[in-house]
Amino acid sequence: MQRRDFIKLSVTSLGASIVIPSIALAENDKAIKAGSDIYYTKDDPGRWSGKVATHLPNIDIEKTDGKITVKVVTAHEMKGYEHYIVKHVLLDQNYKFLNEYLFDPIKEKAAISTFTLENYSGSLYVLSMCNKHDVWLNSAKA
């Protein structure tokens, strides 16, 4: 059964990694319109209005000597493959892919990821993907 879950996770992650940035880039330097039902935000949680507190990624940025540490926390339980945060995706101010972290819901008890950037300034966007409640977007200024 774990093999099937792994295959589902792999296909879902690959699809999101391709689709979400492509949609963002299609907007030609415009902010992505919230409410697209592709992702959800604090201001537009769509059909998941009761899920904001546990699905919206929280972003903490720390600057030290030209390096930026981005800590992302999604306050969501990790119930094995039944219900968990699949991954965090870090995007730059133009919604271009910077990095991602895939969670292992069996080993990891919390959805926390850390990214390090060199000499970056501008907005950062983070996608948090839940296996049941879709993709959530939040942003912060670096």
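Residues numbered from 1 in each chain as written. Predicted model: local features only at pLDDT ≥ 70, side-chain atom pairs only at ≥ 80, totals over all residues. Heavy atoms only, no water.

**Things to note about the nonpolar core**
As a reminder of what qualifies: Residues belong to a common nonpolar core when they are buried Ala, Val, Leu, Ile, Met, Phe, Trp, Tyr or Cys residues joined through side-chain atoms within 4.5 Å. Categorising residues by exposure relies on relative accessible area from a 1.4 Å probe, with only protein chains included: less than 20% of the type maximum marks a residue as buried, more than 50% marks it as exposed, and the intermediate range marks it as partly exposed. Numbering of helices and strands runs from the N terminus, with a helix taken as a DSSP run of H or I at least four residues long and a strand as a DSSP run of E at least two residues long.
Met78, Ile85 and Leu127 are the most contacted members of the largest nonpolar core, which totals 16 residues. At the level of elements, strand S4 (85-91), strand S7 (123-130) and strand S8 (134-141) are the ones that each hand at least two residues to this core.

**Some thoughts on the packing of aromatic side chains**
Here is the rule: Pairing of aromatic rings covers Phe, Tyr and the six-membered ring of Trp, with a centre-to-centre limit of 6.5 Å; geometry is then stacked below 30 degrees between planes, edge-to-face above 60, and tilted otherwise.
Tallied over the entire structure, the rule returns four aromatic pairs. Aromatic side chains Tyr81 and Tyr84 sit 5.7 Å apart centroid to centroid with 90 degrees between the ring planes, which places their arrangement in the edge-to-face category. For Tyr81, a relative accessible area of 25% gives the class partly exposed. Tyr84 gets classed as buried once you look at its relative accessible area, which sits at 4%.

**Structural notes on the sheet that holds strand S3 (residues 67-74)**
Condition: Strand pairing follows a simple DSSP-based rule, namely that at least 2 bridges must link the two strands. Note on definitions: angles span 0 to 180 degrees between N-to-C directions of axes, and those axes are lines fitted to C-alpha atoms, for helices only across the stretch in contact.
One open sheet holds the three strands; their spatial order is S2-S3-S6, and the pairing between them is antiparallel. At either end of the open sheet lies a strand with only one pairing partner, and these are strand S2 (58-64) and strand S6 (111-118). On average, each strand axis in the sheet is inclined to that of its neighbour by 15 degrees, with strand direction left out of account. In this structure, S2 lies alongside S3, joined through seven bridges in antiparallel fashion. For Glu62, the partnering residue across the bridge sits in S3 and is Thr69.

**Looking at the sheet that holds S4**
Strand order across the open sheet formed by five strands is S1-S8-S7-S4-S5, with mixed pairing between neighbours. This sheet does not close on itself; its edge strands, each paired only once, are strand S1 (39-40) and strand S5 (97-102). Sheet topology note: the S4/S7 ladder contains six bridges and is antiparallel. Its bridge partner lying in S7, His88 is registered against Ser128.

**Here we look at the pairing of S7**
Judged by how many residues are buried, S7 sits mostly within the fold: seven of eight residues are covered. The antiparallel pairing of S7 with S8 creates a hairpin that spans three residues between the two strands.

**What about unusual backbone geometry?**
Of note, Tyr95 is a non-glycine position whose phi angle comes to about 65 degrees, a positive value. Within the secondary structure, Tyr95 is located in the loop between S4 and S5. Positive phi outside glycine occurs at Asn119, with the angle close to 45 degrees. Summarising the element assignment, Asn119 is placed in the loop between S6 and S7.

Just geometry here; none of it tells us what the structure is for.
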